[in-house]
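These are the residues of each chain, in order.
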Amino acid sequence: MGKLMKTLLAGACATGLLLTGVASHADEIRERTLRFAFQNVKEHPQGQGAQKFADLLGEKSGGKIKVRLFPGGTLGGDVQTVSALQGGTLDITVLNSGILAAQAPDYAMLDFPFLFNNVEEAHAVIDGPVGQKLAAQLDSKGLVGLGYWDLGFRNLTNSKHPVTRLEDMQGLKIRVIQSPIYLETFSALGANPVPMAFPEVYTGLEQHTIDGQENPFTVIEGNKFYEVQKYLSVTGHIFNPQSLIISQKTWSRLNDDEKAMIRAAAAEAQTFQREVTAASMDKAKATLAAAMTVNEISPAEKDRLRERVKPVVDKFAKSLDGDLVKTMYEEIAKVRAAQ
């Protein structure tokens, strides 16, 4: 009997089976298709990151886990896609982290205007304890955080005139993200903010129901806003970390091996997406400069803008987790001290 048992064990090892009859690691991965929706076109760094995530997950799962991409807001704006994730009718999305303040209010701190001076400061916050604690708040909201991508610094476009100083903002109808802090920021600057889902922005600009919008260079270029906008002002008023999130309902149907595989693909895709974004910014700005009138904002004028929106920052900061806000500023200070 002992010899027979050794023979059976040897055979089990050779075929990848365990004594319990549980399948090998590869067999633990079940076939499924995940639906991944996002707002930008597939050629944008956001879309390239989504494709990289899909490719990595396909490779790691031996082709068993497929990711179907829905770019360009084809399944609705960010508010709709988050709701779909919570309802379990959509699996994955990536969006500006600040939009998640509707689910977890502390996310609003990432959208404080003029918060970050550079990408390094933003990464110190989102890759550290602040980013981890924010993501943990999603667990009770039907969402699971998988990581943070980059969208870049947001800049202002409009069809009326160059914005070189605070006074030039007065009365401009500017489309903003459907988020209270964006509404109050642009109101404080003297503009008339118009909350609007992203898929509606091009038409709104074309039909002049809005005068302008604000987004990073790559979004302005990728969505061809230069076709319906004449002026680009490099305001750099908000840096947009993006949250890659998966539906809690989808997550709960995955086993530990599948979850680990998805997290590994997300981590690799995060590194790739950030690199693509960094490499794309200067190229996008040059393309826009050939099609639009581009102006920088002087340091003195940016200080005026920062001072004007300070009451907005102070107001929102008071309504958030004070310790977390404090930690965020401490992380930023560490980076600045080291530079």
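As the structure is a computational prediction, the values presented were derived from the model and not from experiment. (Residues numbered from 1 in each chain as written. Predicted model: local features only at pLDDT ≥ 70, side-chain atom pairs only at ≥ 80, totals over all residues. Heavy atoms only, no water.)

**Structural notes on the sheet that holds strand E5 (residues 155–158)**
No. 1: The strand order across the open sheet formed by six strands is E7-E6-E8-E5-E9-E11, and the pairing between neighbours is mixed. Of all strands in the sheet, those bounded by a partner on one side alone are strand E7 (192–195) and strand E11 (293–296). Adjacent strand axes in the sheet meet at a mean angle of 25° when their direction is disregarded.
No. 2: Sheet topology places strand E9 (residues 231–234) next to E11; four bridges connect them, and they run parallel. Paired with Val234 across the strands is Glu296, a residue of E11. (Pairing = 2+ DSSP bridges. Helix = DSSP H or I, 4+ residues; strand = E, 2+ residues; numbered from the N terminus. Axes fitted to C-alpha atoms, helices over the stretch in contact; angles between N-to-C directions.)

**Points about the packing of aromatic side chains**
No. 1: Taken as a whole and judged by the stated rule, the model has seven aromatic pairs.
No. 2: Between Phe36 and Trp149, the aromatic rings sit 6.5 Å apart at their centres with planes inclined by 45°, giving tilted as the arrangement. Taken together, the positions of Phe36 in strand E1 (residues 32–37) and Trp149 in strand E4 (residues 143–153) put the pair 113 residues apart, joining distant regions of the chain.
No. 3: Owing to a relative accessible area of 0%, Phe36 belongs among the buried residues under this scheme.
No. 4: Trp149 gets classed as buried once you look at its relative accessible area, which sits at 0%. (Phe/Tyr/Trp six-rings, centres within 6.5 Å; stacked < 30°, edge-to-face > 60°. Buried < 20%, exposed > 50% of the residue type's maximum accessible area, 1.4 Å probe, protein only.)

**Topic: the nonpolar core**
No. 1: In terms of nonpolar packing, the biggest core is built from 55 residues, with Leu100, Tyr107, Met109, Phe112, Phe186 and Met328 touching the most fellow members.
No. 2: The leading source of residues in this core is helix H12 (residues 299–318), at five residues.
No. 3: With residues up to four places along the chain from it excluded, the contact list for Tyr107 reads Ser97, Gly98, Leu100, Ala101, Leu134, Ala135, Leu138, Tyr148 and Ser243. (Core = buried A, V, L, I, M, F, W, Y, C linked by side-chain atoms within 4.5 Å. Contact = heavy atoms within 4.5 Å.)

**Examining the layout of surface pockets**
No. 1: The calculated volume of the largest pocket comes to roughly 440 Å³.
No. 2: Taken together, 23 residues line the largest pocket, and the ones lying closest to its centre are Val119, Gly152, Phe153, Phe217 and Met281.
No. 3: Of all elements in the fold, only helix H5 (119–126), E4, helix H11 (256–291) and H12 reach the threshold of two or more residues within the lining of the largest pocket.
No. 4: Ranked by residues supplied to the lining of the largest pocket, first place goes to H11 with six residues. (1 Å grid on protein atoms, 1.4 Å probe; cavity = no way out; pocket = protein on both sides within 12 Å on 5 of 7 lines; lining within 4 Å. Points joined across faces, edges and corners; volume = space filled by probe spheres on them.)

**Considerations on the side chain of Glu214**
No. 1: Relative to the helices and strands, Glu214 resides in strand E8 (residues 212–215).
No. 2: At 2.8 Å, the side chain of Glu214 forms a polar contact with the side chain of His237.
No. 3: Each residue touching Glu214, except ones within four places of it in the same chain, is listed here: Arg154, Asn155, Leu156, Ile174, Arg175, Val176, Ile177, Tyr182, Phe186 and His237. (Polar contact = N/O pair within 3.5 Å; in protein donor to acceptor, adjacent residues only side chain to side chain.)

**Remarks on the side chain of Ser233**
No. 1: Within the element layout of this structure, Ser233 appears in strand E9.
No. 2: Judged by relative accessible area, Ser233 falls into the buried class, the value being 0%.
No. 3: In this structure the side chain of Ser233 is engaged in a polar contact, spanning 3.0 Å, whose partner is the backbone oxygen of Val163.
No. 4: Dropping the residues within four chain positions of it, Ser233 is found in contact with Asn155, Leu156, Pro162, Val163, Asn295 and Ile297.

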